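Descriptive structure summary
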Amino acid sequence: MTEAFDAVDVIVHKRDRRELSDDEIRWVVDAYTRGVVAEEQMSSLAMAILLNGMTRREISTWTTAMIASGERMDFSSLSRPTADKHSTGGVGDKITLPLAPLVAVFDVAVPQLSGRGLGHTGGTLDKLESVAGWQAGLTNEAMMRQLDDVGAVICAAGSGLAPADKKLYALRDVTGTVEAIPLIASSIMSKKIAEGTGALVLDVKVGSGAFMKTRENATELARTMVDLGTDAGVTTVALLTDMSTPLGLTAGNALEVRESVEVLAGGGPEDVVELTVRLAEEMLEAADRGGQDVRAALTDGRAMDVWRRMIAAQGGDPDAALPTAAHTHEVKATASGTLTRLDAYAVGVAAWRLGAGRARKEDPVQAGAGVEIHAKPGDTVREGDVLLTLHTDTPERFARAEDALEGGIEVVEGGTAQTPESVVIDRIA
Ligand code: URA
């Protein structure tokens, strides 16, 4: 087959800050998926995109080309509207777990295709796999049945969605090109648009524990993704939320499931409840079901009922005891005063080193490993108070986890915390 373009020309155009044409973009994404554009050529193009950026039109065409590389799902046969949430990833971010059943209470179907953790941020599937018997893999038919019966499903994304992204994401991971905003936005949105949801709420994290460390970058990413969704006919809204400190009081798989169940039982930490309720309100609004008392469904047991049915539908036992780690170790305050900083990245790396996360995608995770948090920024603590409990099955990991926390905890006499009042910093629509 004669190729329409030469990969080197496309790379040189982007290197020289020229806009790529729609045809060039469609060709390069397709030819890369077919193996005609070599890994080293795509790697060079990704770096040129990172350095020189892309226009809104280029990003939109790139996203459409990635969608066209695979299958598209279709939920139009369901009797209710669909809404989905995507988080750019953070430490202690267990929100999907209470959120999916909560939204389903209000007759909006939630098809939540999720991933596993890599690096210091946890993955929703790893968390749910700490529930005895629960299965992440569903066929498209089983997913549709569950959406019809229960209204909510959290499962692994099938390999058919945006295969170009799978290949490109793995390449970016090893070539220093993950951080390119056009590539992050098109990667996330190609999967979400291909998944076929009618409404989408994006939780764009900002802070040390997030991909985007500054508000400026997070805003640009959110704006780019909202535009891509809107252009594709998906009602899309983004919230910018704080990730300078972990969400809630746990980071680690079974520990986070336990906290999510507390939220579903009407309790749990206020920041987790606040963000869950706010995201649910946005999802319902985007699906034309706004104006409901969402918090009431957490306190009166309706969301818990959907959770139990959702877990059981995928083979899980919602009543089984959650796994716990064999060993614990306490981290204590070394001074008295205000806890001014509990750094999300430091806690995320500590949880990861304790065994909650993986360094390579084939590594196993420990269900019980992680960090339990006893004080949050703004709290007054006394020297010797327990700030964190570290959990692991392999106690030789404690020292490396403590190293990760070095510099991440700050207690200052008369100090004030550097975290914002509310976890929701901004809304972009
Ligand atoms: N998540 C994705 O799916 N893709 C990215 O590029 C970054 C985060």
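Residues numbered from 1 in each chain as written. Predicted model: local features only at pLDDT ≥ 70, side-chain atom pairs only at ≥ 80, totals over all residues. Heavy atoms only, no water.

What to know about the overall build of the protein chain
Heads up, the condition is: The way it works is that DSSP assigns letters per residue, a run of H or I at least four long becomes a helix, a run of E at least two long becomes a strand, and they are numbered from the N terminus. Put simply, the radius of gyration uses C-alpha atoms, and a globule should come to 2.2 Å times the residue count raised to 0.38. Here's how the labels work: a residue is buried when its accessible area is under 20% of the maximum for its type, exposed when over 50%, partly exposed in between, all with a 1.4 Å probe on protein chains only. Residue-level accessible areas treat just the shown protein chains as cover; the underlying method is Shrake-Rupley with a 1.4 Å probe. Neither His nor the chain ends is counted toward charge; the positive residues are Lys and Arg and the negative residues Asp and Glu. Here the site of a charge means atom NZ of a Lys, CZ of an Arg, CG of an Asp or CD of a Glu.
Scanning the protein chain from terminus to terminus reveals 16 helices and 13 strands. Here the C-alpha radius of gyration of the protein chain, 22 Å, is about what a compact globule of 429 residues would show, namely 22 Å. Expressed along its principal axes, the backbone C-alpha trace of the protein chain runs to roughly 70 × 45 × 35 Å. Residue burial in the protein chain is summarised as follows: out of 429 residues, 54% are buried. Surface summary for the protein chain: the accessible area is close to 17400 Å², and the carbon and sulfur share equals 48%. Averaging the locations of the 42 positively and 64 negatively charged side chains of the protein chain gives two centres separated by 2 Å.

Here's the deal with the domain arrangement of the protein chain
Spelled out, the test is: An automatic or database domain assignment provides the domain bounds reported here. Contact definition: two residues touch when any of their heavy atoms are within 4.5 Å. Take the accessible area each of two parts loses on contact, using a 1.4 Å probe, and add the two losses: that sum is the buried area. When a carboxyl oxygen of Asp or Glu is within 4 Å of a side-chain nitrogen of Lys or Arg, the pair counts as a salt bridge.
When cut into domains, the protein chain gives domain 1 (7-53), domain 2 (83-319) and domain 3 (327-412). Just the C-alpha atoms count here: the centres of domain 1 and domain 2 sit 31 Å apart. At the interface, 12 residues of domain 1 touch 11 residues of domain 2. With both chains or domains summed, domain 1 and domain 2 bury close to 1000 Å², and 77% of this area falls on carbon and sulfur atoms. Taken together, domain 1 and domain 2 are joined by zero salt bridges.

Topic: the site of the ligand
The condition is simple: Being near a molecule or strand, for a residue, means having at least one of its heavy atoms within 4 Å of it. A 3.5 Å cut-off defines polar contacts: any pair of N or O atoms within that distance qualifies, except that in protein one atom must be a possible hydrogen donor and the other a possible acceptor, and neighbouring residues in sequence count only when both atoms are side-chain atoms. Only Asp, Glu, Lys and Arg are considered charged, only Ala, Val, Leu, Ile, Met, Phe, Trp, Tyr, Cys and Pro nonpolar, and every remaining residue, Gly among them, polar.
Surrounding the ligand, one finds Tyr-169, Arg-172, Ile-184, Ser-187, Ile-188, Lys-191 and Phe-211. Arg-172 is positioned such that a nitrogen or oxygen atom in its side chain is 2.9 Å from an oxygen atom of the ligand. Separating an oxygen atom of the ligand from a side-chain N or O atom of Lys-191 is a distance of 2.5 Å. For the ligand, the protein covers 88% of the area, taking 240 Å² as the surface of the free molecule. Elements with a contribution of two residues or more to the shell around the ligand: α8 (163-173) and α9 (181-195). Per-element tally for the shell around the ligand: the top contributor is α9, with four residues. Residues belonging to the shell around the ligand are distributed by class as follows: four nonpolar, one polar and two charged.

Observations concerning the packing of aromatic side chains
So the rule is basically this: Aromatic rings from Phe, Tyr and Trp, taking only the six-membered ring of Trp, are treated as a pair when their centres fall within 6.5 Å; an angle between ring planes under 30 degrees marks them as stacked, one over 60 as edge-to-face, and anything in between as tilted. As a reminder, the over-ring test applies to NZ of lysine and CZ of arginine, requiring each to be within 6 Å of the ring centre and within 35 degrees of the ring normal.
If you walk through the whole model with that rule in mind, you get one aromatic pair. Their ring planes at 50° and their centres at 6.0 Å tell us that Phe-5 and Trp-27 sit as a pair that is tilted. Taken together, the residues Phe-5 in the segment before α1 (7-15) and Trp-27 in helix α2 (residues 22-34) connect sequence positions 22 residues apart. Overall, Phe-5 belongs to the partly exposed group, its relative accessible area being 30%. A cation over an aromatic ring shows up here: Lys-167 above the ring of Tyr-32, its NZ or CZ 4.4 Å from the ring centre. For Lys-191, the ring lying beneath its charged end belongs to Tyr-169, and the centroid distance is 5.9 Å.

Describing the pattern of salt bridges
Think of it this way: side chains of opposite charge can pair up when their charged atoms draw near. All told, the structure shown has 31 salt bridges when counted by the stated rule. For the salt bridge of Arg-116 with Asp-126, the shortest nitrogen-to-oxygen distance reads 3.5 Å. Placement of the pair is Arg-116 in the loop between β2 (110-114) and α6 (124-128) and Asp-126 in helix α6, with a sequence separation of 10 residues. Taking relative accessible area as the criterion, Arg-116 reaches 41% and is therefore assigned partly exposed. The network of salt bridges with shared partners includes Arg-56, Arg-223, Asp-227 and Asp-231.

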